[in-house]
Amino acid sequence: MAISDVLIVGGGVIGLSIARELHRKGVSQITILERVSIGREASYAAAGMLAPNAENDTHDDFYDLCSASCSMYPEFAAELLDETGVDIELERSGTLYLSFNEEDSSVLNRRYLWQREAGVAVEHLSAEETLELESFVSPDVRESLFYPDDWQVENRKLLTALWRYAKLNGIEIREQTEVRSLITGNGKVIGAKTSGETFFTGSTVLATGAWTSFIKIDDVPVPVNVKPIRGQMISFHPPQQMFSKVVFSPRGYIVPRMDGRVLSGATVEDTGFDRSTTEDGARQLVMAATEIAPSLAGLDIVEHWAGLRPFGVGGLPVLGEMPGYANAFVATAHFRNGILLAPVTAKLICEKIVDEVSSKYLDIFGVESKASSKFSVLFVLVPFLFFSFSG
Ligand code: FAD
Ligand code: GLY
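Within each chain, residues carry numbers counting from 1 in the order of the written sequence. Lettering for chains starts from A, numbering for ligands starts from 1, and both go in the order in which the items are written. pLDDT decides what is reported in this predicted model: residues at 70 or higher carry local features, side-chain atom pairs at 80 or more are listed and counted, and totals for whole chains, interfaces and linings draw on all residues regardless. Calculated side-chain values reflect all of the structure's heavy atoms, with hydrogen atoms and water omitted.

(A) Looking closely at the site of ligand 1. In the region of ligand 1, 39 residues are neighbours, and Glu34, Ser43, Met49, Phe335 and Leu340 sit closest. Take isoleucine 339: an N or O atom from its main chain is 3.0 Å from an oxygen atom of ligand 1. The fraction of the free accessible surface of ligand 1 (1000 Å²) that becomes covered by protein chains is 99%. Amino acid classes used here: Ala, Val, Leu, Ile, Met, Phe, Trp, Tyr, Cys and Pro are nonpolar; Asp, Glu, Lys and Arg are charged; the rest, including Gly, are polar. The residue inventory of the shell around ligand 1, partitioned by class, reads 20 nonpolar, 13 polar and six charged. If a single non-hydrogen atom of a residue is within 4 Å of a molecule or strand, that residue counts as near it. Pairs of N or O atoms within 3.5 Å make up the polar contacts considered here, provided that, within protein, one atom can donate a hydrogen while the other can accept it, and that residues adjacent in sequence are counted only when both atoms are side-chain atoms. Residue-level accessible areas treat just the shown protein chains as cover; the underlying method is Shrake-Rupley with a 1.4 Å probe.

(B) Representation of the environment of arginine 283 in the model. A helix here means a DSSP run of H or I that spans at least four residues, while a strand means a run of E at least two residues long, and both kinds are numbered starting from the N terminus. Tracing the backbone shows arginine 283 in helix α7 (residues 279–292). Placed 49 residues apart in sequence, arginine 283 and isoleucine 234 show a C-alpha to C-alpha distance of 9.9 Å.

(C) Up close: the confidence of the model for the protein chain. pLDDT: the predictor's confidence for each residue, scored from 0 to 100. For the protein chain, per-residue confidence averages 94 on the pLDDT scale, and 94% of positions sit at 70 or higher. Every residue in residues 372–391 is under pLDDT 50, and counting partners more than four places away or in other chains gives 57 contacts. Residue contacts follow a heavy-atom distance rule, with two residues in contact if any of their heavy atoms lie within 4.5 Å.

(D) Examining the pattern of salt bridges more closely. Salt bridges are defined by distance alone: a side-chain nitrogen of Lys or Arg within 4 Å of a carboxyl oxygen of Asp or Glu. Taken as a whole and assessed by the stated rule, the structure comprises 27 salt bridges. Measuring nitrogen to oxygen at the nearest pair gives 2.8 Å for the salt bridge that ties glutamate 269 to arginine 230. Within this pair, whereas glutamate 269 is found in the loop between β18 (267–268) and α7, its partner arginine 230 is found in strand β14 (residues 226–236), the two being separated by 39 residues in sequence. Accessibility assignment for this pair places glutamate 269 and arginine 230 in one class, buried. Three exposure classes are used, based on accessible area relative to the maximum for each residue type with a 1.4 Å probe and protein chains only: buried under 20%, partly exposed in between, and exposed over 50%.

(E) Fine view of the packing of helix α1 (residues 13–24) against helix α3 (residues 61–84). Relative orientation of the contacting elements α1 and α3 amounts to 75°, with a least axis distance of 14 Å. With respect to α3, the axis of α1 lies roughly perpendicular. Where α1 approaches α3, its residues Ser17, Arg20 and Arg24 are matched on the opposing element by Phe76, Glu79, Leu80 and Glu83. When grouped by side-chain class, the residues that make up the contact of α1 with α3 number two nonpolar, one polar and four charged. Interaxial angles span 0 to 180 degrees and are taken between N-to-C directions of axes, which are lines fitted to C-alpha atoms, for helices over the stretch in contact. With respect to orientation, any angle under 35 degrees is reported as roughly parallel, any angle over 145 as roughly antiparallel, any angle of 65 to 115 as roughly perpendicular, and every other angle as oblique.

Right, dumping it as structure tokens:
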């Protein structure tokens, strides 16, 4: 009977990053159980932006967590290149956040004030200065914020790198293996049950994204409330390189990739566990993209895809120990920022498991702090998200 030191349920960016970090810390028997295929859910669908400043409009613990993780990326990318030979295309030319009308400008100016006050690296640019940085931005732009410290990675290459790390280092991966429940003995989680097998383990991590709330401990659902929020994206392949930076508007964003593609995202839809794409989604994404850059109009859509963001109470991550079980952990609900938050999540969870060192973030974003909240909080929030756009 095989017993893992640590069993990770879920093979997205979070599960894979935790597996790598555990291995680097000397854990030898690591197993990842994946319901479908490694790295093909939200982590594959993402835009890869590392945007703590453009994606947050308050200065709080979540913002600090996002910033801390962003600053880990240069080392993370360099190490992964060294370990696996895969370049995850960390692109550090910064992010623009545009305004096109009076309402956009009032949001933008309020942001600028608190961010400047908080010491964020942000520049307030006129329309002319914006067009000097990105000449394909619409001439209708009124002003913009420039964030030199908001970057991007090619998230699909990040998944390839993490997967290769696992293969090169003896981390066992079982695909098409869905965990139904965790089983306990003597007050500990001792294993995970699929429809036909039981996997025994010393410690367990649930990195199960939008599906986390389906898992049970014995017969009781885990006390973690997560639901899927669909994001659709499209991409174009213009004949020439048009942009060097990620460009946001309050209605969407575009992300230029090194291979010449331009990604446009993303819808925010409360449609359950349905990751199909829709014509209406594509139409709205084209509208948002062509508002940012009219020259994208008329280009063929080369890919249209969708993924399910894991949305927890308040849109905040859930990180830490499972209440009542000192050897079971959760790392989920990264919602819009799971690519950004992967390195810090892996660090915090692995320090807890291996070194038994806790962090203030595990208290702030722990299961207990969310378990008392009611699922109804989610349903108060979600109608406002329905088919709104990013920004
Ligand atoms: P997932 O990648 O969904 O992985 C969870 C895995 O667990 C899945 O493979 C699933 O099959 C498996 N699983 C679930 N239940 C079980 C079970 N019972 N047994 C076994 N396996 C199970 N984030 C950013 O930081 N920057 C961005 O620019 C960005 N853009 C995004 C754009 C879109 C359109 C979307 C949809 C998301 C975006 N995100 C972005 C968010 C980011 O993709 C997610 O937060 C992140 O991928 C979550 O990672 P994860 O590993 O928790 O989830
Ligand atoms: N962070 C971008 C998105 O979730 O669409």
